[in-house]
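Read off the chains here:
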Amino acid sequence: MSIQAAPDGARQNQLRHLLKHDCGSCHGMTMKGGLGPALRPNDLTSKSDELLVTVILHGRQGTPMPPWKHLLSKEDAEWLVKLMRIGEVH
Ligand code: HEC
């Protein structure tokens, strides 16, 4: 799967905010890990986009990772993965 998603500018800002504050509450504001694992570029090299998008949308049952499909489209999730891969979370 290659990522082509491009949510519009306003949505991109919302997603950046979500990643830092909501995802960051478990994964760390800079994605260095916390309750959830680190999600920096080096931590993701062995994981496919498809796997990461699936975990974001559906969560991982039996763990604290919740599903986000009610709030995020597939395109949104793909774009979050793109942000994590370039490490653009400050
Ligand atoms: C309530 C805490 C919590 C929140 C909020 C949360 N996560 Fe997670 N996340 C986890 C935990 C814990 C795991 C590890 C699950 C496991 O044990 O496999 C995880 C796993 C993941 C994984 C898979 C990592 C891997 O190495 O397989 C991704 C990707 C991910 N989260 C992204 C996100 C994103 C993006 C958000 C925000 C939209 C988010 N998470 C919000 C707790 C959280």
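Conventions and cut-offs
Residues numbered from 1 in each chain as written. Predicted model: local features only at pLDDT ≥ 70, side-chain atom pairs only at ≥ 80, totals over all residues. Heavy atoms only, no water. Donors = N, O, S within 2.8 Å, 3.2 Å for Na, K, Ca; no water. Tetrahedral: all angles 85-135°; square planar, octahedral: opposite > 155°, others 65-115°. Helix = DSSP H or I, 4+ residues; strand = E, 2+ residues; numbered from the N terminus. Buried < 20%, exposed > 50% of the residue type's maximum accessible area, 1.4 Å probe, protein only. Near = heavy atom within 4 Å. Polar contact = N/O pair within 3.5 Å; in protein donor to acceptor, adjacent residues only side chain to side chain. 1 Å grid on protein atoms, 1.4 Å probe; cavity = no way out; pocket = protein on both sides within 12 Å on 5 of 7 lines; lining within 4 Å. Sits in = over half its atoms within 2 Å of the grid points. Nonpolar A, V, L, I, M, F, W, Y, C, P; charged D, E, K, R; others polar.

A. Structural context of the coordination of the iron atom of the ligand. Surrounding the iron atom of the ligand are the protein donor atoms H27 (NE2) and M65 (SD), at 2.0 to 2.1 Å. For the iron atom of the ligand, the 6 donor atoms in the first shell make angles of 86 to 179° at the metal, so the coordination geometry reads as octahedral. Of this pair, H27 sits in helix α1 (residues 9-27) while M65 is found in the loop between α2 (49-58) and α3 (74-86), placing the two residues 38 residues apart along the sequence. On the accessibility criterion, M65 (21% relative accessible area) is partly exposed.

B. Geometry of the site of the ligand. Around the ligand, 21 residues are found, and the nearest of them are C23, C26, H27, R60 and M65. Between K47 and the ligand, the recorded distance is 2.7 Å, taken from a side-chain N or O atom to an oxygen atom. Between R60 and the ligand, the recorded distance is 2.6 Å, taken from a side-chain N or O atom to an oxygen atom. Using a 2 Å cut-off from the grid points, one finds that the ligand occupies the largest pocket. Here the shell around the ligand is composed, by residue class, of 14 nonpolar, 4 polar and 3 charged.

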